[in-house]
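Topology and contacts: notes
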Amino acid sequence: MNDINNNNIIEVKNLVKQFKKVKAVDDITFSVKEDEIFGFLGPNGAGKTTTINIICTLLSKTSGEVILNGYDVSRERNKIRTCIGMVFQDPSLDDRLTALENLYFHGLLYNIPRKELKVRSEEVLEMVNLTDRKNSLVMTYSGGMKRRLEIARGLLHYPKILFLDEPTLGLDPQTRNKIWDYIIKLKKNKKITIFLTSHYMEETEICDRIAIIDEGKIIALDSPENLKNIIGGDIITILSEDNVKLKEYINDITGVEIHDAKEGKIRFEVKDSSSFIPEFIKNSPVKILSISARKPTLNDVFLDLTGREIREENASTKDTMRMRMRGRMRH
Amino acid sequence: MYTIWLRDIKRYFRDKPRIIGSFAQPILFLFVLGTGIASSFSTFGGGGGKEFLNFMFPGIVGMTVLFTSFFSAMSIVWDREFGFLREVLVAPISRTSIVVGKLLGGSTIAMIQGSIILLFSPLLNIPITFLIFFKVLGIMFLVAMTISAMGIILASVIKSMQAFQVITNFLLMPMFFLSGALFPLNNTVEWMNVVSKINPLSYGIDAMRFAILNNSALQLYPMWLNITVLVCLIVILSVLGSFLFNRQE
């Protein structure tokens, strides 16, 4: 065991990963506490998966230090491998085997005694509601079922930490919600640390703490609540007849920064929108065509910190393309 | 190690089309191409058609072993493509045992396939006794291990399915043609003779032919040389294979 703080199950210090030309991970430092849900949030290519791959021993690091459960990632690989469960971004099941067989192989790989393995297989399948399909070939599963089976498999050897790399990638919104339900349920029933990544902002709100990562660097790390407080209030979006005049007026009364938003609208933040709006409309010098106020989301936080939006639309088209390509290659 | 082996075996028996399909090629070679060439002997003068078929038979057994073990080892590329490899790589088992498991898995399947081809021997009036069968089985194992180890080296170096196709055309087919499986190598042109000497499969086919036909007239190298070459290759190639597979990015 190590001399580091006992509450931290993962310690990452000054981690750098340099591929031939690009610095995928650029000097990041963070720690994950025992039994928390820790989230990595950022656009595609931000370095989330690279970091996870280094922590889970699949990739070597260029420099820095990674300690997991007291073990050093570059020297005690097998010890680390025993205490982590992985759900990868891309499916990693053997689809010519049945669900039960996939679990059986996993059990053999992790040296789980046969008797114990049977009991545990039933237990994890039950948890993700796949008991009635346990003898079907994985080939016949839907995307959501495969992902659920992967979560079940990742839990089979009772890991201390479960890594979920984009667990909802390529799934439809309904299935995505279900997957999160399972994760929340899992957190309630088991003493386990969960480390997840996502580029879907809303989904990471279940995390205890989130690291926002962009271009290989962590640009913010806090609880979702505190991150949203960066914004400093509610977000108001207005469509008016004369934006220039309206901007001057808003600046006069609030003094906040005003941004141009989509579809000719303008956007700014105020502390308390419910008391601000009635007064604002009454006194506005220009005609307001529409006004809306909402609580800030992590999307707004990302926008605020980087000046860019996470291009969810583009990303998901690319993801579906990739999934389709994989499907095609099978034939 | 056992796990990796077991998975290969399970997948093999589950994949019925693959089992049936894998007999199509040897049967095609033996009964269509073989019979065709054998009967053409009389067209161009000269006899020995039947002898040619007998000559070719061990070659076809060798071919079956070659292709089966190579493709089994190359399934690593397939597993990488479809992600399953990561499941294995992140498990607490050493890279070396993955490689050994894969070698044994590929060899077992190749030996099963080769043995089934041996069952056709009565059709050619080639007597196979138990003793011969076990001798051949041993040689099949050596050949399969050599080729599997070669496959693992290639699978560790190349990462895409496209490259895999290229390898099949530019390495596997020449290896097969220049191994003495289809025609005797001692009476061909000089360059073929040279190439066949550096082809590991030549030694396997030669050993297999002697074990099956027990005809020293067709033998190119002494048995001990064949076996030594194969065993040395297995050791060198598997060590190299594990080393390459172990390399971390």
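As the structure is a computational prediction, the values presented were derived from the model and not from experiment. (Residues numbered from 1 in each chain as written. Chains lettered and ligands numbered in written order. Predicted model: local features only at pLDDT ≥ 70, side-chain atom pairs only at ≥ 80, totals over all residues.)

What follows is about the overall build of chain B. Broken down by element type, chain B carries 10 helices and 0 strands. Counting from the amino terminus, chain B carries its helices and strands in the arrangement α-α-α-α-α-α-α-α-α-α. For 249 residues, the compact-globule formula gives about 18 Å, and the C-alpha radius of gyration of chain B, at 18 Å, lands near that figure. Counting only C-alpha atoms, chain B reaches 60 × 40 × 35 Å along its principal axes. Within chain B, the proportion of its 249 residues that are buried is 44%. (Helix = DSSP H or I, 4+ residues; strand = E, 2+ residues; numbered from the N terminus. Rg over C-alpha atoms; globule rule 2.2 N^0.38 Å. Buried ≥ 20, exposed ≤ 12 C-beta atoms within 10 Å, placed from the backbone.)

This paragraph deals with helix H1 (residues 2-14) of chain B. For an α-helix, the turn length of 3.6 residues means that residues three or four places apart are oriented alike. Given a rise of 1.5 Å per residue, 13 residues ought to cover 18 Å, and the 18 Å separating the end C-alpha atoms of H1(B) matches this to within 8%. All buried positions along H1(B) are accounted for by B:Thr3, B:Ile4, B:Arg7, B:Asp8 and B:Tyr12. Contacts made by the buried residues of H1(B) are with helix H3 (99-109) of chain A together with helix H3 (49-81) and helix H5 (95-118) of chain B. (Expected span 1.5 Å × (residues − 1). Contact = placed C-beta atoms within 7 Å.)

Turning next to unusual backbone geometry. A positive phi is found at A:Tyr158, a non-glycine position, where the angle reads about 50°. By the secondary structure assignment, A:Tyr158 is in the loop between helix H5 (143-155) and strand S7 (161-165). With 16 C-beta atoms counted inside 10 Å, the residue A:Tyr158 sits in the partly exposed group. Even without being a glycine, B:Asn125 presents a positive backbone phi close to 60°. Checked against the element boundaries, B:Asn125 lands in the loop between H5 and helix H6 (130-157).

Moving on, we get to the confidence of the model for chain B. Mean pLDDT for chain B: 87, with 98% of residues reaching 70 or above. Prediction confidence for the complex, expressed as pTM and ipTM, is 0.80 and 0.77 respectively. (pLDDT = per-residue confidence, 0-100.)

Attention now goes to the sheet that holds S7(A). All names here are of chain A. An order of S6-S7-S8-S3-S9-S10 is seen for the 6 strands of this open sheet, with the pairing classed as mixed. At either margin of the open sheet sits one strand with a lone partner, and together these are strand S6 (84-87) and strand S10 (217-222). Between one strand and the next, the sheet's axes are offset by a mean angle of 15°, whatever the strand orientation. Alignment of S7 against strand S8 (residues 193-198), held across 5 bridges, turns out to be parallel. If you follow Leu-164 over to S8, its bridge partner there is Leu-196. Contacts between helix H10 (residues 298-306) and the sheet are confined to strand S3 (37-41), strand S9 (209-214) and S10, with S9 contributing the most and set at about 40° to the helix. (Pairing = 2+ DSSP bridges. Axes fitted to C-alpha atoms, helices over the stretch in contact; angles between N-to-C directions.)

Attention now goes to the pairing of S9(A). Two faces, one strand: in a regular strand the side chains alternate between the faces of the sheet. All names here are of chain A. Relative to S9, S3 runs parallel, the two being bridged by 4 bridges. Note that in S9 the partner of Phe-38 across the bridge is Arg-209. With 5 bridges connecting them, S9 and S10 associate as antiparallel partners. Residue Ile-213 lies in a different strand from S10, and its bridge partner there is Ile-218. Where S9 folds back onto S10 in an antiparallel hairpin, the turn is made up of 2 residues, including Glu-215, whose phi is positive at roughly 50°.

Turning our attention to the nonpolar core. A:Leu68, A:Ala152, A:Phe163, B:Met140 and B:Ala144 are the most contacted members of the largest nonpolar core, which has 135 residues in total. Considering each element in turn, this core owes the most residues, 16 residues, to H3(B). When neighbours within four sequence positions are excluded, B:Met140 is seen to be in contact with B:Val65, B:Ala110, B:Met111 and B:Gly114. A:Ile235, A:Ile236, A:Ile238 and A:Leu246 belong to the second largest nonpolar core, which has 5 residues in total. (Core = buried A, V, L, I, M, F, W, Y, C linked by C-beta atoms within 7 Å.)

Attention now goes to the sheet that holds strand S11 (residues 234-240) of chain A. Residue and element names in this part refer to chain A. Reading across the sheet, the 4 strands line up as S12-S13-S11-S14 and stay open at both edges, with antiparallel pairing between neighbours. In this open sheet, the two strands that pair with only one neighbour each are strand S12 (259-260) and strand S14 (288-294). Pairing analysis gives 6 bridges linking S11 to S14, with the strands arranged antiparallel. For Ile-235, the partnering residue across the bridge sits in S14 and is Arg-294. Taken strand by strand, helix H8 (residues 243-254) contacts S11 and strand S13 (266-270), and its axis lies near 10° from that of S13.

Residues and elements named next belong to chain B. Contact geometry for helix H2 (residues 16-43) and H3: axes closest at 9 Å, N-to-C directions at 155°. Judged by the inter-axis angle, H2 sits roughly antiparallel to H3. Our pair here, H2 against H3, has a crossing hand that is right-handed. Of H3, the residues touching H2 (which contributes Ser-22, Pro-26, Phe-29, Leu-30, Gly-34, Thr-35, Ile-37, Ala-38, Ser-39, Phe-41 and Ser-42) are Gly-49, Lys-50, Phe-52, Leu-53, Met-56, Phe-57, Ile-60, Met-63, Thr-64 and Thr-68. The residue makeup of the contact of H2 with H3, split by class, is 12 nonpolar, 8 polar and 1 charged. (Parallel < 35°, antiparallel > 145°, perpendicular 65-115°, else oblique. Left-handed = near helix turned anticlockwise from the far one by under 90°. Nonpolar A, V, L, I, M, F, W, Y, C, P; charged D, E, K, R; others polar.)

Bringing the interface of chain B and chain A into the picture now. In this assembly, 20 residues from chain B lie in contact with 22 residues from chain A. Counting only elements with at least two residues in the side of chain B that touches chain A, the list comes to H1 and helix H4 (84-89) of chain B. Along the lines of polarity and charge, the residues of the side of chain B that touches chain A split into 8 nonpolar, 3 polar and 9 charged.

Residue and element names in this part refer to chain A. Under the 1.5 Å per step criterion, the end-to-end length of helix H6 (residues 173-189) is 25 Å for 17 residues, consistent within 8% with the ideal 24 Å. Here H6 has its buried residues at Arg-176, Ile-179, Trp-180 and Ile-183. Seen from one end, H6 has its buried residues packed into an arc of 95°, which puts them on one side. H6 presents Gln-174, Asn-177, Asp-181, Lys-185, Lys-188 and Asn-189 as exposed residues on the side facing more than 90 degrees away from its buried surface. Against the buried residues of H6 lie H5 and S8. (Arc of directions from axis to C-beta.)

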